[in-house]
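This is what each chain is made of:
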Amino acid sequence: MGLVTAIRVWAPNVSRLRLHTAEGDVDLEPAEDGWWRGPELAAGTDYQFLLDDDPTPLSDPASRWQPDGVHGPSRIYDQHAFEWHDADWAGRDLTAAVIYELHVGTFTPGATFDAAIERLDHLVELGITHVEVLPVNDFNGRWNWGYDGVQWYAVHEAYGGPDGLKRFVDAAHAKGLAVVLDVVYNHFGPSGNYLPRYGPYLKSGQNTWGDLVNLENPNVRRYVIDNALMWLRDFHVDALRLDAVHALADSSPTHVLAELSQATETLAGMLGRPLSLIAESDLNDPMMISRRDRGGYGMTAQWDDDVHHALHALLTGERQGYYCDFGSLSVLAKVFTKAFLHDGTFSTLRGRQHGRPIDRATMPTSRLVVANQNHDQVGNRALGERLPELTTPELVRVGAVLLLTAPFTPMLWMGEEWAASTRWPFFTSHPEPELAAAVSKGRLEEFADHGWDPATILDPQDPRAYEEAILDWSEPDKDGHAEVLELYRRLTALRAAEPELRDPHLDQVQVEYDEAARWLVVHRGSFRVAANLAEQEAAVPVAGGDVVLATGPATPGPERLTLAGQSAAIVRL
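Bear in mind the structure is a predicted one, so any value in this text is a computation, not a measurement.

What counts and what doesn't
- Residues numbered from 1 in each chain as written.
- Predicted model: local features only at pLDDT ≥ 70, side-chain atom pairs only at ≥ 80, totals over all residues.
- Heavy atoms only, no water.
- 1 Å grid on protein atoms, 1.4 Å probe; cavity = no way out; pocket = protein on both sides within 12 Å on 5 of 7 lines; lining within 4 Å.
- Points joined across faces, edges and corners; volume = space filled by probe spheres on them.
- Nonpolar A, V, L, I, M, F, W, Y, C, P; charged D, E, K, R; others polar.
- Core = buried A, V, L, I, M, F, W, Y, C linked by side-chain atoms within 4.5 Å.
- Buried < 20%, exposed > 50% of the residue type's maximum accessible area, 1.4 Å probe, protein only.
- Helix = DSSP H or I, 4+ residues; strand = E, 2+ residues; numbered from the N terminus.
- Contact = heavy atoms within 4.5 Å.
- Axes fitted to C-alpha atoms, helices over the stretch in contact; angles between N-to-C directions.
- Parallel < 35°, antiparallel > 145°, perpendicular 65-115°, else oblique.
- Left-handed = near helix turned anticlockwise from the far one by under 90°.
- Pairing = 2+ DSSP bridges.
- Right-handed = clockwise from strand over helix to strand, strands pointing away.
- Salt bridge = Lys/Arg side-chain N within 4 Å of Asp/Glu carboxyl O.
- Phe/Tyr/Trp six-rings, centres within 6.5 Å; stacked < 30°, edge-to-face > 60°.
- Expected span 1.5 Å × (residues − 1).
- Polar contact = N/O pair within 3.5 Å; in protein donor to acceptor, adjacent residues only side chain to side chain.

Reported here for the second largest pocket is a volume of approximately 950 Å³. Forming the boundary of the second largest pocket are 32 residues, of which Thr 5, Ala 6, Arg 8, Ala 62 and Arg 64 lie nearest the centre. Taken together, the residues of the lining of the second largest pocket break down into 17 nonpolar, 6 polar and 9 charged.

So, about the nonpolar core. In terms of nonpolar packing, the biggest core is built from 158 residues, with Leu 17, Phe 49, Trp 231, Leu 240, Leu 242 and Phe 336 touching the most fellow members. The leading source of residues in this core is helix α6 (residues 218-234), at 9 residues. Residue contacts for Leu 240: discarding those within four places in its chain leaves Val 180, Leu 181, Val 183, Ala 228, Trp 231, Leu 232, Ser 276, Leu 277 and Ile 278. Listed in part, the 11 residues of the second largest apolar core include Ala 97, Ile 278, Val 369 and Ala 371.

Moving on to the packing of helix α8 (residues 305-316) against helix α9 (residues 329-338). One way to put it is that α8 packs onto α9 with a least axis distance of 9 Å and a crossing angle of 155°. Regarding the angle of α8 to α9, the classification is roughly antiparallel. Once α8 is placed against α9, the crossing between them reads as left-handed. Contact with α8, carried on its side by Asp 306, Val 307, Ala 310, Leu 311 and Leu 314, involves Leu 329, Val 331, Leu 332, Val 335 and Phe 336 of α9 and no other residues of that element. Its residues placed into classes, the contact of α8 with α9 shows 9 nonpolar, no polar and 1 charged.

Right, let's talk about the pairing of strand β15 (residues 239-242) for a bit. Residue alternation in β15 divides its side chains into two sets, Ala 239 and Arg 241 and Leu 240 and Leu 242, and both sets are buried. With 4 bridges connecting them, strand β12 (residues 178-183) and β15 associate as parallel partners. The residue bridging Val 180 from the neighbouring strand is Ala 239, located in β15. Bridge analysis of β15 against strand β16 (residues 276-279) gives 4 bridges, and the strand direction is parallel. Following the sheet pairing, Ala 239 is matched in β16 by Ser 276. A crossover links β15 with its parallel partner β16, the connecting element being helix α7 (residues 256-271), and its sense is right-handed.

For the structure shown, the criterion picks out 25 salt bridges. Arg 489 is paired through a salt bridge with Glu 125; the nearest N and O atoms lie 3.5 Å apart. Residue Arg 489 is found in helix α14 (residues 482-497), and its partner Glu 125 is found in helix α3 (residues 120-126); the two are separated by 364 residues along the sequence. Residue class for Glu 125 comes out exposed when judged on its relative accessible area of 52%. Here Arg 233 and Asp 234 are joined by a salt bridge, their closest N and O atoms 2.9 Å apart. Take Asp 234: its relative accessible area is 17%, and that puts it in the buried class. Salt bridges linked by common partners bring Asp 182, Arg 241, Asp 243 and Glu 280 together as one network.

One way to put it is that α6 packs onto α7 with a least axis distance of 10 Å and a crossing angle of 30°. As the angle between them shows, α6 and α7 are arranged roughly parallel. Helix-helix and strand crossings are classified by hand; for α6 and α7 the assignment is right-handed. Where α6 abuts α7, its residues Arg 221, Arg 222, Ile 225, Ala 228, Leu 229, Leu 232 and Arg 233 lie against Val 256, Glu 259, Leu 260, Ala 263, Thr 264, Leu 267 and Leu 271. Residues belonging to the contact of α6 with α7 are distributed by class as follows: 9 nonpolar, 1 polar and 4 charged.

Enumeration according to the criterion identifies 25 aromatic pairs in this entry. Between Trp 143 and Tyr 466, the aromatic rings sit 4.4 Å apart at their centres with planes inclined by 5°, giving stacked as the arrangement. With a gap of 323 residues between them, Trp 143 in the loop between β10 (137-138) and β11 (151-155) and Tyr 466 in helix α13 (residues 463-467) connect regions that are remote in the sequence. Accessibility classification places Trp 143 together with Tyr 466 in one group, the buried group. Chaining the aromatic ring pairs together yields one cluster made of Trp 10, Trp 152, Tyr 153, Tyr 185, Phe 188, Tyr 201 and Tyr 223.

Attention now goes to α6. Along an α-helix, a turn takes 3.6 residues, which lines up residues three or four apart on a common side. Spanning 17 residues, α6 covers 23 Å between terminal C-alpha atoms, matching the ideal 24 Å at 1.5 Å per step. Of all 17 residues in α6, 13 are buried, a share of seventy percent or more. Where α6 begins, one side-chain oxygen reaches toward the backbone nitrogen of Asn 219, 2.9 Å away; that side chain belongs to Asn 217. Of the residues one or two after α6, His 236 is the one with positive phi, at around 60°.

Such coordinate-based values are descriptive only and should not be taken to indicate function.
Below, the structure written as structure tokens:
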């Protein structure tokens, strides 16, 4: 295998830096701005660094391959050795997208990229356009959600390493599926994070998950942006989902997200295919997806959790925590016509005004990603219950109809399409006893504070927490699951075939509802999406038309549509 570029590492915190390999130790030469230069190494060479006089070898902060985990040596990886087969792949933007979120470690019992490839046909038949993969960068331990990674440039070896990810992307493209990769730039995980030994990667202050990343430092900022571009360029990923961007503390004149969006646009032009950035943000601020020349950050899309909260609270009756302002039909009507419930209104949870309004006339709602379920909303429950455990089978179907005909980009959570019975609790596999104990204790205390009985909660370090999260692929053919899967397939096919059902113009949406009778009708062009959430039959104001899909008995009349209790129907006028 050929040589690679000379070793370079940013380590302004040290006065001496040595390259450590099986051939011995070599001093690196200091360069400008805290950088160090070293020799060229052949692909496949294992190496580490010795900092000052410390005899403990550490991995490369920008390692592309960690075959023995975050505490082991780095290995030189040849990005050009993989044989791609997607030269004809033109890419897919988020227009008419249906996203499917999955976690490689629990999507299949095999828990690898190669095992996930075997299920891609299922996603194609489901009508998925974009596969979103939870974080795959390296973390300590065998299994984890992936949001506590410390080696941002390396792919978790247990999943299949860097070549495994490339095989997955290549296979997805062959089947017409775009790939979205979840990335985390708001904190580093607690185990294997040696970056502060090298340089000022962190700064004072903390967010929910850990110490703040020092985004004002140009080299740390470059570390983030180069990482994002690496996934898009070297791994042929089509989009990135940026985790919790509201936790990026950046006081720079140009926010790191704006700089990243500019760099991504430039790369897209060079590659000749669309590249997308999807921000997870709880700010309810259209600045996230507004153009940079208008003061925005230029993100392609952002998550809209208000739609999830409105649907979840309505379908389940839950009102605890952040559901306290949600649950009524009037709230659902607002988010379906204005995108955010809190768009400058008072948020009870936050105790203050929150959010800003979307410009309904100019902002296409395909730029807002919504869900009935996702990894956060399922996994951050004490028991990891999915929606079918929290409401009736009938209302699960109603929720599917409302989601997949809404004026947003819908996202499904793996297994949702067949009403999977497997839970998805929080799970970790920290090998360090003290860290494992701290994580277990902290999680139990957090849930106890929210009123859950600690005796019923699985210890996240208990292997059962991980094992019960693995999807059961025998379920899609079973009674009670196969019917739900068929409904999802029909809904995605109808959405794809009928432009009016994916129309992103928010100012064209109208909603009628009766809070007391618990029905609503969503106007989508020549279609009416009617839902009856009450247990008893209801007559809703839809005059005539043809019922093109229904989850229960639906009888059209000259003035009213009669719907069975807890059912929904799509009518073409």
